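Tertiary structure, described
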Amino acid sequence: MPSTTEWHAYDGRFGRPRAALLRGACACGWRGAAEYPLDWTVLDDRKPLYEADVDLTGPIADYHAHLTVVRDTAVPLPEPLTALLTAPKKDLETAAVKDPLVALTALADLRYLIAGVGADAALAVHVGRIPMETVATALGTSEAAARRYVNGNLHP
């Protein structure tokens, strides 16, 4: 049976399963421990679940708490590098609207730069035998996602 992580798809309509509860979740694989039951006695089962008045504050708060933990354990970027990465955003957004060909040219140059630096960094991870668990923590993601990211940069 096909499945999805979109919580609102489990509304029981059109033969789909009906969710009994909600939990916070993240693309990294984290799933919140707290469960938030759905009260189907007050939900209109003729409408899509995303249109229902479902209280999402609990799962969203759990997700934000997870992100805080991830941010606190991830390797922080030095301030000069953060400033360097933040500065072109506004210029590129403006160029995308006013002169999209300039924006695309700049993005092509950035992709070339990213591919080269990414390959160097990924090679350094492999040569240095940095454990994937350490890489995952530094990037704030799962080991599987970190492995895909490193290997994707090693072989762009």
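Notes on the structure in this doc start here. Keep in mind it's a predicted model, so treat the numbers as computed, not measured. (Residues numbered from 1 in each chain as written. Predicted model: local features only at pLDDT ≥ 70, side-chain atom pairs only at ≥ 80, totals over all residues. Heavy atoms only, no water.)

Looking only at helices and strands, the chain has five helices and two strands in total. From first element to last, N terminus to C terminus, the chain shows the α and β order β-β-α-α-α-α-α. Its C-alpha atoms give the chain a radius of gyration of 21 Å, more than 25% over the compact-globule value 15 Å for 156 residues. C-alpha atoms of the chain, sized along the principal axes, occupy 55 × 45 × 35 Å. A buried classification covers 21% of the 156 residues belonging to the chain. Of the roughly 11,500 Å² of accessible surface on the chain, a fraction of 62% belongs to carbon and sulfur atoms. Of note, the chain has its 15 positive side-chain charges centred 4 Å away from the centre of its 19 negative side-chain charges. (Helix = DSSP H or I, 4+ residues; strand = E, 2+ residues; numbered from the N terminus. Rg over C-alpha atoms; globule rule 2.2 N^0.38 Å. Buried < 20%, exposed > 50% of the residue type's maximum accessible area, 1.4 Å probe, protein only. Areas by Shrake-Rupley, 256 points an atom, 1.4 Å probe, with all protein chains shown as cover. Lys, Arg positive; Asp, Glu negative; His and termini not counted. Charge placed at Lys NZ, Arg CZ, Asp CG, Glu CD.)

The next subject is helix α1 (residues 57–73). In this model, α1 (17 residues) spans 24 Å end to end at C-alpha, consistent with the 24 Å of a helix rising 1.5 Å per residue. Those residues of α1 that are buried are in contact with β1 (21–22) and β2 (36–37). (Expected span 1.5 Å × (residues − 1). Contact = heavy atoms within 4.5 Å.)

A word on a nonpolar patch on the surface. A grouping of Leu101, Leu104, Leu107, Leu110, Leu113, Ile114 and Val117 is seen on the molecular surface, where their side chains present a nonpolar patch of about 660 Å² in accessible area. Relative to the elements of secondary structure, Leu101 occurs in helix α3 (residues 100–127). Using a relative accessible area of 61% as the deciding quantity, one classes Leu101 as exposed. (Patch = residues over 30% accessible without salt bridge, like charges linked within 9 Å, V, L, I, M, F, W, Y side chains within 5 Å. Salt bridge = Lys/Arg side-chain N within 4 Å of Asp/Glu carboxyl O.)

Turning to the side chain of Asn153, a few remarks are in order. Checked against the element boundaries, Asn153 lands in helix α5 (residues 143–154). For Asn153, a relative accessible area of 14% translates into the label buried. A polar atom in the side chain of Asn153 sits 2.9 Å from the backbone oxygen of Tyr149. In contact with Asn153, other than residues within four places in its own chain, are Gly118, Ala119 and Ala122. (Polar contact = N/O pair within 3.5 Å; in protein donor to acceptor, adjacent residues only side chain to side chain.)

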